[in-house]
Amino acid sequence: MIDAYLRSFEAFSRNGGAAAPEWARALRLSAITRFETLGFPTTRNEDWHFTSVAPIADAALTPLTSPSGRVEAAQLAPFLFSDDWHQLVFVNGRFDAALSRTDALPDGVRVLPLAQAYDELPILVEQHLGRIASFDAHSFTALNTAFLHDGAVIHVTADVEVAKPIHLVFVSDAAAVNGAMHPRNLIVLDRFAKATVLETYCTTARGAGAYLTNAVTEASIGDGATLTHLKLQRESAQAYHVGTFDARQGRDSHLVSFSFATGAALSRTNIYTELRGEGCGATLNGLYLGDAEQTIDHQTRIEHVEPNCYSRELYKGILDGASHGVFNGKVYVHPEAQKTDGKQTNNTLLLSEKAQIDTKPQLEIFADDVKCTHGATVGRLDETSLFYMKSRGIDARTARELLTYAFAADVLETIELAEVRDGLEAATLRRYAGRA
Amino acid sequence: MLEIKDLRATVADKEILKGITLTVNAGEVHAVMGPNGSGKSTLAQILAGHPAYEVTGGSVTYQGENLLEMDAEVRAQRGVFLAFQYPIEIPGVSNAYFLRAAYNEIRKARGEEEVDPMSFADLMDEKMKLVEMDGAMLTRSVNMGFSGGEKKRNEILQMAVLEPKLAILDETDSGLDIDALRIVAGGVNALKRPDSATIVVTHYQRLLNYIVPDFVHVLVNGRIVRSGDKELALELEARGYDWLLDEAVA
């Protein structure tokens, strides 16, 4: 099984991947070697205890190393929020210039596909790519790095604020079926830069068959910089999705992350950040909506390395059918990280008897003067609230729908970007209450 | 309008109501008073259809129909309204959306057209004045971050919008300062109609200075131990409930 990946790697190294710079080819080689050792994680691995990736390992999905598929602008429209945002589109993992739009970028901002960045931003890419998301203990990151070939590079120079969001759209069509995509993105914000980046993972071929998206995004957030990062996972119901976001934060920087996960048969989203400068902080929020036999797994990891940093986490989930949610929130407070202020909350609403959630807060605190709290709740719709609504004449079904929507609404309200907030609120209302 | 006969009810196998008989006619205001734990809030919640209580005996007839067979939403659609002692917070649903949804459900049940948000806003302007509420409270989530007084005023606002035939106020006066009490009582009085009735459940006589009852009933240990006119409330205020507790035991 691993052999098939090694053979794919051989072919890729000789053909599609040959154009990369020397250092990138060396990085890929060490990554495939590491993957050969690690293999796919099993549920004996603590980080994968609740989620078996056997379906991915057994599916024999071939890396898509050459361009395939075709997506029309009109097919993309349902996944877009505005027609004047900066936008890079990748079809079946490969950059599509015709669907992309970067002509209105302000000075000091580059948004370009990886191949172009190798030529135009060689030093920046070499300095950061592969330096943040370690594959030492992460099979999927190792696999992504081994097949590193395409993705987005975003660079915002010091003091520049990018007013309009930058939207990275990873869309697949029927040609992706039985294939695997390994997009790799890099976001670098220099001192006091500010940007909003969305990553959307979607498909135009619902029901066509299985494929794997295994994406990695590395982010370097400089001193005093602010990155808002939104990840919207809307893959097809048969897809497998592993998405890792890994950030390093400088002094007084801010990361605001939101993960919305609703697609895929099996998905795992990793949101990691290291708070490496004093006074910086991260807000990691998310919403997962599961149904049928879906597995939706989130792992967050916040490393408090320096003193006086904050972290805030609110993850909510609504699980119906026989869906399975996992939330594992790790917070490590290093011995030097005094005055750490951390709060983590995970609330899950179970709509059916068969739905289940494994929630595991994991706080490891090695400093003595910190304030860290965590809380997790799992519940069903509140009968008192249902009665309250019914006592006002609202029928039982509508009351349930509204309360289900309302459960999700408060975490959606934390999204500052109005177009995305309103869009996700409407989608959630449609899903649970049949109206927008 | 409402005829309660020998009503018995339990919650978690504990008998709370032990045979309540009470008749309420259109145009009347009835006060149900009693010490803590006497069953008066239970009575209010059973009339509204709370699922936590099991009716084990007796009957409740509302406008000639068996009230106990109706779902809570049907009762509301037929004109029964309960102002909650502890109004529920519903994060994520705006007060305006909630009120309009309820209003339209009740209009639908009456065979009337649903109203659009614009015409509903006009209606709200008028109703909000009644309880001296600020328009900003409509955009906030239902009861979220409302003070005790604001929550109770919001209950009366809902009552004003839904125009019930039978309004049941469950300890609406609890936790209110005198100004808020005056506003709430003023709202209730303004909503009284000859074809509607009100049941005021309260621990204290104070509210009855503002909402003057035609009848006062004292509930002790799941039974009505005494009924009278508004003078009975004043007597309770002066003497407390102990003398009735003693009578109930004896």
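Residues numbered from 1 in each chain as written. Chains lettered and ligands numbered in written order. Predicted model: local features only at pLDDT ≥ 70, side-chain atom pairs only at ≥ 80, totals over all residues. Heavy atoms only, no water.

(A) Structural detail: unusual backbone geometry. Of note in this structure, A:N92 is not a glycine but carries a positive phi near 50°. Within the secondary structure, A:N92 is located in the loop between β2 (86-91) and β3 (94-101). Even without being a glycine, B:E163 presents a positive backbone phi close to 45°. Assignment of secondary structure puts B:E163 in the loop between α6 (148-162) and β9 (166-170). (Helix = DSSP H or I, 4+ residues; strand = E, 2+ residues; numbered from the N terminus.)

(B) Structural detail: the interface of chain A and chain B. The interface of chain A with chain B comprises 20 residues on the first partner and 32 residues on the second. For the pairing of chain A and chain B, the buried interface totals around 2000 Å² over both sides, and the portion due to carbon and sulfur atoms is 68%. When the buried area of chain A at its contact with chain B is split by residue, A:F387, A:Y388 and A:R392 rank highest and sum to 42% of it. Residue A:R392 pairs with B:E155 through a salt bridge whose shortest N-O separation is 2.7 Å. For the pair chain A and chain B, the interface holds eight residue pairs in polar contact (both at pLDDT 80 or more). Take the side of chain A that touches chain B: its biggest share by element is seven residues, from helix α9 (residues 396-412) of chain A. By residue class, the composition of the side of chain A that touches chain B is ten nonpolar, five polar and five charged. (Contact = heavy atoms within 4.5 Å. Buried area = accessible area lost by both parts, 1.4 Å probe. Salt bridge = Lys/Arg side-chain N within 4 Å of Asp/Glu carboxyl O. Polar contact = N/O pair within 3.5 Å; in protein donor to acceptor, adjacent residues only side chain to side chain. Nonpolar A, V, L, I, M, F, W, Y, C, P; charged D, E, K, R; others polar.)

(C) Representation of the packing of α6(B) against helix α7 (residues 178-191) of chain B. All names here are of chain B. With their axes 10 Å apart at the nearest point, α6 and α7 run at an angle of 10° to one another. The orientation of α6 relative to α7 falls into the category roughly parallel. For the pair α6 and α7, contact is made by K152, R153, I156, M159 and A160 and by I183, V184, G187, V188 and L191, respectively. (Axes fitted to C-alpha atoms, helices over the stretch in contact; angles between N-to-C directions. Parallel < 35°, antiparallel > 145°, perpendicular 65-115°, else oblique.)

(D) Quick look at the domain arrangement of chain A. Residue and element names in this part refer to chain A. Taken domain by domain, chain A holds domain 1 (2-277) and domain 2 (382-436). Distance between the C-alpha centres of domain 1 and domain 2: 32 Å. The interface of domain 1 with domain 2 comprises eleven residues on the first partner and twelve residues on the second. Surface buried jointly by domain 1 and domain 2 totals about 840 Å² across both partners, of which 81% is contributed by carbon and sulfur atoms. Summed over the shared surface of domain 1 and domain 2, the number is zero salt bridges. Counting across the domain 1 and domain 2 interface gives one residue pair in polar contact (both at pLDDT 80 or more). Put simply, the parts of the chain that give the side of domain 1 that touches domain 2 at least two residues each are β9 (194-203), β11 (226-234) and β13 (254-261). Ranked by residues supplied to the side of domain 1 that touches domain 2, first place goes to β11 with three residues. Along the lines of polarity and charge, the residues of the side of domain 1 that touches domain 2 split into eight nonpolar, two polar and one charged. (Domains from an automatic or database assignment.)

(E) Summary view of helix α10 (residues 418-433) of chain A. Residue and element names in this part refer to chain A. Compared with an ideal rise of 1.5 Å per residue, which puts 16 residues at 22 Å, α10 spans 21 Å between its outermost C-alpha atoms and is within 8% of the ideal. Those residues of α10 lying buried are V420, L424, E425, A427, T428, L429, Y432 and A433. Packed against the buried residues of α10 are β9, β11, β13, β15 (281-290), β17 (310-319) and α9. (Expected span 1.5 Å × (residues − 1). Buried < 20%, exposed > 50% of the residue type's maximum accessible area, 1.4 Å probe, protein only.)

(F) Spatial organisation of the pattern of salt bridges. Evaluated as defined, the whole model comprises 36 salt bridges over all chains. Across the pair A:R421 and A:D422 runs a salt bridge, and its minimum N-O distance is 3.8 Å. Classification of A:R421 by relative accessible area gives partly exposed; the value is 21%. A residue is classified by how much of its surface remains accessible, and A:D422, at 42% relative accessible area, is partly exposed. Among the salt bridges present, the one from B:E112 reaches B:R107, with a minimum N-O distance of 3.6 Å. With a relative accessible area of 17%, B:R107 lands in the buried category.

(G) Main features of the pairing of β9(B). Residues and elements named next belong to chain B. The buried count for β9 comes to five of five residues, which makes it a mostly enclosed element. Side-chain alternation along β9 places L166, I168 and D170 on one buried face and A167 and L169 on a second face that is also buried. Sheet analysis places strand β6 (residues 80-83) next to β9, joined by four bridges and oriented parallel. Following the sheet pairing, L82 is matched in β9 by I168. Sheet topology places β9 next to strand β10 (residues 197-202); five bridges connect them, and they run parallel. Its bridge partner lying in β10, D170 is registered against V201. The parallel pair β9 and β10 is bridged by α7, and the resulting crossover is right-handed. (Pairing = 2+ DSSP bridges. Right-handed = clockwise from strand over helix to strand, strands pointing away.)

(H) Up close: the sheet that holds β17(A). Residue and element names in this part refer to chain A. Read across the sheet, ten strands follow the order β3-β2-β6-β9-β11-β13-β15-β17-β19-β21 without closing on themselves; strand pairing throughout is mixed. Each end of this open sheet is capped by a strand with a single partner; those strands are β3 and β21 (371-379). Across the sheet, the mean angle from the axis of one strand to that of its neighbour is 10°, orientation sign disregarded. Two strands pair when backbone bridges link them, and β9 and β11 are joined in this way by nine bridges, in the parallel orientation. For T200, the partnering residue across the bridge sits in β11 and is L232. Running at roughly 160° to β17, α9 makes contact with β13, β15, β17 and β19 (341-350) of the sheet. Packing of α10 onto the sheet brings it into contact with β9, β11, β13, β15 and β17, and relative to β15 it is tilted by some 25°.

(I) Representation of the side chain of A:S139 in the model. All names here are of chain A. With respect to the secondary-structure elements, S139 resides in helix α7 (residues 139-146). Residue S139 is classed as buried on the basis of its relative accessible area of 9%. A polar atom in the side chain of S139 sits 2.6 Å from the backbone oxygen of G39. Sequence-distant contacts of S139, that is, excluding residues within four places in its chain, are made with F35, L38, G39, F40 and P41.

(J) Local environment of a negative patch on the surface. Taken together, B:D116, B:D122, B:D125 and B:E126 make up a surface patch of like negative charges. If you trace the backbone, B:D122 turns up in helix α4 (residues 117-130). (Patch = residues over 30% accessible without salt bridge, like charges linked within 9 Å, V, L, I, M, F, W, Y side chains within 5 Å. Areas by Shrake-Rupley, 256 points an atom, 1.4 Å probe, with all protein chains shown as cover. Lys, Arg positive; Asp, Glu negative; His and termini not counted. Charge placed at Lys NZ, Arg CZ, Asp CG, Glu CD.)

(K) The packing of aromatic side chains, seen in detail. Under the definition given, this model contains 17 aromatic pairs over all chains. When the ring of A:F9 is compared with that of A:F147, the centres are 6.1 Å apart and the planes differ by 80°; the resulting orientation is edge-to-face. Residue A:F9 is found in helix α1 (residues 2-14), and its partner A:F147 is found in the loop between α7 and β5 (152-156); the two are separated by 138 residues along the sequence. The buried category is assigned to A:F9, whose relative accessible area is 4%. Judged by centre distance (5.5 Å) and plane angle (40°), the ring pair of B:Y103 and B:F120 falls under tilted. Here B:Y103, found in helix α3 (residues 95-109), pairs with B:F120, found in helix α4; they are 17 residues apart in sequence, far enough to count as distant. Accessibility assignment for this pair places B:Y103 and B:F120 in one class, buried. A cation over an aromatic ring shows up here: A:R301 above the ring of A:Y272, its NZ or CZ 4.1 Å from the ring centre. Across the ring face of B:W243, the terminal group of B:R239 is positioned such that the distance to the ring centre comes to 4.0 Å. (Phe/Tyr/Trp six-rings, centres within 6.5 Å; stacked < 30°, edge-to-face > 60°. Lys NZ or Arg CZ within 6 Å of the ring centre and 35° of its normal.)

(L) Main features of the side chain of A:K316. All names here are of chain A. Of note, K316 is situated in strand β17. At 2.9 Å, the side chain of K316 and the backbone oxygen of F407 are in polar contact. Of note is the side chain of K316, whose polar atom sits 2.9 Å from the side chain of D410. Sequence-distant contacts of K316, that is, excluding residues within four places in its chain, are made with G286, L287, Y288, N347, F407, D410 and V411.

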